[in-house]
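Structural overview
Chain residues, written in single-letter form:
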Amino acid sequence: MENPADQTADCEGLLCPLPVLRARKILLSMGVGQVLEIRTTDPMARIDLPHFCGQAGHEYLGLAEVGGVLIHRIRRGFHA
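This structure is a prediction, so every number in the text was calculated from the model and none was measured. (Residues numbered from 1 in each chain as written. Predicted model: local features only at pLDDT ≥ 70, side-chain atom pairs only at ≥ 80, totals over all residues. Heavy atoms only, no water.)

The end-to-end C-alpha distance of helix α1 (residues 18-29), which contains 12 residues, comes to 17 Å, matching closely the 16 Å that a straight helix rising 1.5 Å per residue would cover. Three or more residues of α1 are buried, namely Pro 19, Val 20, Ala 23, Ile 26 and Leu 27. End-on, the buried residues of α1 take up no more than an arc of 130°, which puts them together on one face. Along α1, the residues that are exposed and aim more than 90 degrees away from the buried face are Leu 21, Lys 25 and Ser 29. Of the surrounding elements, those touching the buried residues of α1 are β1 (7-11), β2 (35-40), α2 (45-56) and β4 (69-75). (Helix = DSSP H or I, 4+ residues; strand = E, 2+ residues; numbered from the N terminus. Expected span 1.5 Å × (residues − 1). Buried < 20%, exposed > 50% of the residue type's maximum accessible area, 1.4 Å probe, protein only. Arc of directions from axis to C-beta. Contact = heavy atoms within 4.5 Å.)

On to the side chain of Asp 42. Here Asp 42 lies in the loop between β2 and α2. Buried within the structure, Asp 42 lacks any salt-bridge partner; Arg 46 is the closest side chain of opposite charge, at an N-O distance of 8.9 Å. A polar side-chain atom of Asp 42 sits 3.1 Å from the main-chain amide nitrogen of Met 44. Apart from the residues within four sequence positions on either side, Asp 42 is in contact with Leu 14, Leu 15, Cys 16 and Leu 70. (Lys, Arg positive; Asp, Glu negative; His and termini not counted. Salt bridge = Lys/Arg side-chain N within 4 Å of Asp/Glu carboxyl O. Polar contact = N/O pair within 3.5 Å; in protein donor to acceptor, adjacent residues only side chain to side chain.)

Here you go:
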């Protein structure tokens, strides 16, 4: 993956919508342009996190899968 994230959220074992809710809360505390990395195991996060970003004005940077863990990256937008 690209540069290190500014913050990381471990949401492994949590089912959606909990990873989205946790991401939303953390992103509210971050500065515009900062990057959040979210580690999930729920396959629905592949759909829910990009959808959340589109609705909330954040940039979904993509995901990587490492050993069954989905690692999502989100850049904080101007609106939360």
